[in-house]
Amino acid sequence: MSILGTIHGVGLGPGDADLMSLRAHRLLENARHVAFFRKEGRSGRARGIVDGLLPKNAVEFPMEYPVTTEIPVSHPDYNAALSAFYSECTVHLRALAKAGEDVVVLCEGDPFFYGSFMHLYERLKDDVPVQVVPAITGMSAAWTASGQPITWGDDVLSVLMATLPEEDLVRHMAAADALVVMKIGRNIEKVRSALQAAGKYEAAWLVKYASMEGQTVQRLLEAEGQITPYFSIVLVHGNGRRP
């Protein structure tokens, strides 16, 4: 009976390689096969984080998204295209594992926190060994960069995707003590409107490129008219019970 290889979903953290775990670093240094997601024509954010850390003889497998923000996530074509894409990637990774090869899959942030790796994991976990290395999330880097704790005492924290309909954003924003809003990009005006409706606009902060080169932190109301990258994060800090 042949020995199966292991697929390692390795969380790289928010972007600064110094914030990577020792386990992640060890797997990277010894990797024979490395897979990573990227947008067509780009080098890939995850691949950039590990630049200089991989063995020179590592075999790289870039997985290029067929679609990112070109069509709405609610459109049937979006889900169909990504489902086929993840299935294709899985075929390649499964074949390597069944041939006895270990594979390191690079994951921005934490693999189990809104990450693309989750879709591979669900397709692989019943066929071949899969191990996941957790990591610091982008939102943790964002609130650390803001210089303020995100929650106190019994504060309720809600993590929202800016891709949600505005009425859903307003409902969740109004109910929470502290907020993290992710996937901003072209959704910024919807997020502004929802925060205003929830009465939390003046307390909101915008963090771009948390822990990475080019990081900026400013009040959201002072950032009107600015270009907002997709991976920006909006924060509303809690102000709950404390000694």
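Per chain, residues are indexed from 1 in the order of the written sequence. Per-residue local features are limited, in this predicted model, to residues with pLDDT of at least 70; the limit for side-chain atom pairs, both in listing and counting, is 80 or more; totals at the level of whole chains, interfaces and linings are taken over all residues. With hydrogens and water set aside, each side-chain value is computed from the structure's full complement of heavy atoms.

Turning our attention to the packing of aromatic side chains. Two aromatic rings, drawn from Phe, Tyr or Trp (for Trp, its six-membered ring), form a pair once their centres lie within 6.5 Å of each other, and the interplanar angle then sorts them: stacked below 30 degrees, edge-to-face above 60, tilted otherwise. For the coordinates displayed, the defined rule picks out nine aromatic pairs. On the basis of an interplanar angle of 10° and a centroid distance of 5.3 Å, the ring pair of phenylalanine 37 and tyrosine 65 is categorised as stacked. Of the two residues, phenylalanine 37 is situated in strand β2 (residues 33-39) and tyrosine 65 in strand β3 (residues 59-65); the sequence distance between them amounts to 28 residues. Throughout this description, buried means an accessible area under 20% of the type-specific maximum (1.4 Å probe, protein chains only), exposed means over 50%, and partly exposed covers the range between. A residue is classified by how much of its surface remains accessible, and tyrosine 65, at 22% relative accessible area, is partly exposed. Where phenylalanine 112 meets tyrosine 121, the ring centres are 5.0 Å apart and the plane angle is 75°; that geometry is what we call edge-to-face. What counts as a helix is a DSSP run of H or I of at least four residues, what counts as a strand is a run of E of at least two, and both are numbered from the N terminus.

Note that side chains of opposite charge can pair when their charged atoms are close. By definition here, a salt bridge exists when the distance from a side-chain nitrogen of Lys or Arg to a carboxyl oxygen of Asp or Glu is within 4 Å. If you walk through the whole model with that rule in mind, you get 10 salt bridges. For glutamate 101, the salt bridge identified is with arginine 32, shortest N-O distance 2.9 Å. On the criterion of sequence distance, the pair formed by glutamate 101 in the loop between α3 (76-98) and β4 (103-107) and arginine 32 in the loop between α1 (22-29) and β2 is long-range, its members being 69 residues apart. According to the relative accessible area criterion, arginine 32 is exposed, its value standing at 52%. Several salt bridges share partner residues, and in doing so they unite Arg47, Asp51 and Glu60 into one network.

The next point concerns α3. A helix is expected to span 1.5 Å multiplied by its residue count minus one. Under the 1.5 Å per step criterion, the end-to-end length of α3 is 33 Å for 23 residues, consistent within 8% with the ideal 33 Å. Check the buried side of α3 and you find it contacts β1 (7-11), β2, β3, β4 and α4 (117-124). Just past α3, the residue glycine 100 takes up positive phi, approximately 90°. The contact rule is simple, with two residues in contact once any of their heavy atoms fall within 4.5 Å.

To continue, consider the sheet that holds strand β6 (residues 157-161). In this analysis, strands are considered paired if DSSP registers two or more bridges between them. Taken together, the five strands give an open sheet; going across it, the order is β6-β7-β10-β8-β9, and neighbouring strands pair in mixed fashion. Sheet topology places β6 and β9 (216-219) at the edges, where each strand pairs with a single neighbour. With strand direction ignored, the average angle separating the axes of adjacent strands in the sheet is 20°. Relative to β9, strand β8 (residues 204-208) runs antiparallel, the two sharing four bridges. Paired with lysine 208 across the bridge in β9 is threonine 216. Packed onto the sheet, helix α5 (residues 138-145) meets β6, β7 (178-182), β8, β9 and β10 (233-236) and runs at close to 60° relative to β10. Lines fitted to C-alpha atoms define the axes, with helix axes restricted to the stretch in contact, and inter-axis angles between N-to-C directions lie between 0 and 180 degrees. Its contacts with the sheet put helix α6 (residues 166-175) on β6 and β7, and the angle it makes with β6 is roughly 165°.

Taking burial as the measure, the five residues of β1 include five buried ones, the bulk of the element. Side chains Ile7, Gly9 and Gly11 project from β1 onto one buried face, and the interleaved His8 and Val10 project onto a second face that is buried too. Strand direction decides the pairing type here: β1 and β4, joined by five bridges, are parallel. Looking at the pairing, glycine 9 lines up with valine 105 of β4. Of the pairings in the sheet, the one linking β1 to strand β5 (residues 130-133) comprises four bridges and is parallel in character. By the bridge assignment for β5, glycine 9 is matched with valine 132.

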